[in-house]
Amino acid sequence: MTATAEQAAAYLEPLIGGPVDLAVVLGTGLGGFAEAVVDPVVIPYADIPGFPHGNVSGHAGRLVVGRLDSRRVAVLQGRAHYYETGDPAVMRTPIETLRRIGVSTLVLTNAAGSLTRDIQPGQLCIIADHINMSGTNPLIGDREDGRFVPMNDAYSQRLRKRLKRAAATAGVRVHEGIYCWMSGPSFETPAEIKMVRMLGADLVGMSTVPETILARRFGIDVLAVSIVTNYGAGLEVQAPSHTETKEVAATAGIALRRLLLSFVKGLDDVS
Ligand code: HPA
């Protein structure tokens, strides 16, 4: 447990007016989701001890706390990636801070490449499990026994079921698949894509896995959803590009926003 997260929580507590139980990390294309938050308190990461800022790619870099439906939520508009700093634990303080302000459920969103024809660009995919191909881990250097985190139900089956129910209610199509974390920032080679397909991955991306590991470290349940923006390198003639990722994510982000609002509404249902 770090002193910085304690300081961050102490800074936030008087501003946010009470505990929060659900947090959402917004990936590429989903920035607008924060607009759905009612009575928002907006706090720039730059003001919060230990929060990464200055180079939070494609995003505002701010925490938005308020209500969605009847639930108190914290929305993280922007995440830092391993490839920005070389530090796989760059999101450790934000995630530990969420735990300290009451968060028990974390929803992670991202943009990802598809490794299978069945999952097409523009569609959404729930992450059922992951493969960490980065060669690193955000808990390296953590000295406590809590670092030996079981990863069996890393992507909570209970929350995935609820999301599928919410998808049916909202009329949004969702796939489910295995996400492979590559460090980036270069995209994969066709040979690497072939390799991770053979290993059993359905999606590839440069985020989410370290945050999931950190969330499990702090006892937070995780749900993760990818916006599929492109096919992995070599699966189609066109090379993946950041522009394509941003454009497709913006469109599919509208469906994901609907899905998440339906998910939050359904959270109070029993079972
Ligand atoms: N590879 C890695 N990360 C990504 C991709 C990809 O093809 N698309 C969006 N994020």
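Values in this document were obtained by computation on a predicted structure and should not be read as measured data.

Reading the values: the criteria
- Residues numbered from 1 in each chain as written.
- Predicted model: local features only at pLDDT ≥ 70, side-chain atom pairs only at ≥ 80, totals over all residues.
- Heavy atoms only, no water.
- Helix = DSSP H or I, 4+ residues; strand = E, 2+ residues; numbered from the N terminus.
- Rg over C-alpha atoms; globule rule 2.2 N^0.38 Å.
- Buried < 20%, exposed > 50% of the residue type's maximum accessible area, 1.4 Å probe, protein only.
- Contact = heavy atoms within 4.5 Å.
- Areas by Shrake-Rupley, 256 points an atom, 1.4 Å probe, with all protein chains shown as cover.
- Lys, Arg positive; Asp, Glu negative; His and termini not counted.
- Charge placed at Lys NZ, Arg CZ, Asp CG, Glu CD.
- Phe/Tyr/Trp six-rings, centres within 6.5 Å; stacked < 30°, edge-to-face > 60°.
- Lys NZ or Arg CZ within 6 Å of the ring centre and 35° of its normal.
- Salt bridge = Lys/Arg side-chain N within 4 Å of Asp/Glu carboxyl O.
- Polar contact = N/O pair within 3.5 Å; in protein donor to acceptor, adjacent residues only side chain to side chain.
- Axes fitted to C-alpha atoms, helices over the stretch in contact; angles between N-to-C directions.
- Left-handed = near helix turned anticlockwise from the far one by under 90°.
- Nonpolar A, V, L, I, M, F, W, Y, C, P; charged D, E, K, R; others polar.
- Near = heavy atom within 4 Å.
- Core = buried A, V, L, I, M, F, W, Y, C linked by side-chain atoms within 4.5 Å.

A.B. asks: Can you help me understand the overall build of the protein chain in this one?
C.D. replies: Within the protein chain one finds seven helices and nine strands. In terms of overall dimensions, the protein chain is globule-like: its C-alpha atoms have a radius of gyration of 17 Å, near the 18 Å expected for 271 residues. With 271 residues in all, the protein chain has 52% of them scored as buried. Across the protein chain, every contact between residues at least 6 apart in sequence was considered, and the portion connecting residues at least 24 apart equals 82%. Summed over all atoms, the accessible surface of the protein chain reaches about 11,500 Å², with 52% contributed by carbon and sulfur. The protein chain carries 26 positive and 27 negative side-chain charges, and their two centres are separated by 4 Å.

A.B. asks: Help me understand the packing of aromatic side chains in this model?
C.D. replies: The description of an aromatic ring pair uses the distance of the two centres, along with the angle that the planes make with each other. Applying the stated criterion across every chain yields a total of two aromatic pairs. Sitting above the plane of the Tyr-231 ring, Arg-117 keeps its charged end 4.8 Å from the centroid.

A.B. asks: Explain the pattern of salt bridges to me, please; I cannot follow it from the model alone.
C.D. replies: For side chains bearing opposite charge, pairing can occur when the charged atoms are close. A full pass over the atoms with the stated rule returns 11 salt bridges. Put simply, Arg-71 and Asp-21 hold a salt bridge, and the shortest N to O gap is 2.8 Å. Here Arg-71, found in strand S4 (residues 71-77), pairs with Asp-21, found in the loop between helix H1 (3-16) and strand S1 (22-26); they are 50 residues apart in sequence, far enough to count as distant. The buried category is assigned to Arg-71, whose relative accessible area is 16%. The salt bridge partner of Asp-221 is Arg-158, with a shortest N-O separation of 2.9 Å. Pair noted here: Asp-221 is in strand S9 (residues 221-231) and Arg-158 is in helix H4 (residues 157-170), with a separation of 63 residues, a long-range link.

A.B. asks: What is the right way to read the side chain of Arg-160 from this model?
C.D. replies: Its location among the elements puts Arg-160 in helix H4. Within the structure, the side chain of Arg-160 is placed 2.9 Å from the backbone oxygen of Tyr-155, a separation counted as a polar contact. What Arg-160 contacts, discounting residues up to four positions off in sequence, is Ile-126, Ile-127, Ala-128, Asp-153, Tyr-155, Glu-176 and Leu-223.

A.B. asks: Just checking my understanding: could you explain the packing of H4 against helix H7 (residues 242-266) for this structure?
C.D. replies: Helix packing geometry: the angle between the two helix axes and the distance between the axes. Running from N to C, H4 and H7 point in directions that differ by 115 degrees, and their axes come no closer than 8 Å. At the point where H4 passes H7, the crossing takes the right-handed sense. The segment H4 lies against H7, with Leu-159, Arg-162, Leu-163, Ala-166, Ala-167, Thr-169 and Ala-170 engaging Arg-258, Leu-259, Leu-260, Ser-262, Phe-263 and Gly-266. Of the residues that constitute the contact of H4 with H7, the class distribution is eight nonpolar, three polar and two charged.

A.B. asks: Is there a simple way to think about the environment of Ile-140 in this case?
C.D. replies: Residue position: Ile-140 is located in the loop between strand S6 (124-132) and H4. Ile-140 sits 79 residues away from Gly-219 along the chain, and the two C-alpha atoms are 18 Å apart.

A.B. asks: Just checking my understanding: could you explain the site of the ligand for this structure?
C.D. replies: In the neighbourhood of the ligand, the contacting residues comprise Ala-111, Ala-112, Gly-113, Phe-187, Glu-188, Val-204, Gly-205, Met-206, Thr-229, Asn-230 and Thr-245. Within the backbone of Ala-111, one N or O atom sits 3.4 Å away from a nitrogen atom of the ligand. Contact distances for the ligand include 3.4 Å between a nitrogen atom and a backbone N or O atom of Gly-113. For the ligand, whose free accessible area comes to 260 Å², the fraction covered by protein is 96%. Of all the secondary structure elements, the ones that give two or more residues to the shell around the ligand are strand S5 (105-114), strand S8 (203-205) and S9. Per-element tally for the shell around the ligand: the top contributor is S5, with three residues. Here the residues of the shell around the ligand sort into five nonpolar, five polar and one charged.

A.B. asks: Teacher, can you tell me more about the nonpolar core here?
C.D. replies: Side chains that are nonpolar tend, in soluble globular proteins, to be buried together. Formed by 45 residues in total, the largest nonpolar core has its most connected members in Leu-63, Leu-76, Leu-98 and Leu-106. Beyond its immediate sequence surroundings of up to four residues, Leu-76 is in contact with Ala-23, Val-24, Val-25, Leu-26, Tyr-45, Arg-62, Leu-63, Met-91, Pro-94 and Leu-98. Core analysis: the next-biggest nonpolar cluster, separate from the first, contains 30 residues, Val-64, Val-172, Ala-252 and Leu-260 among them.

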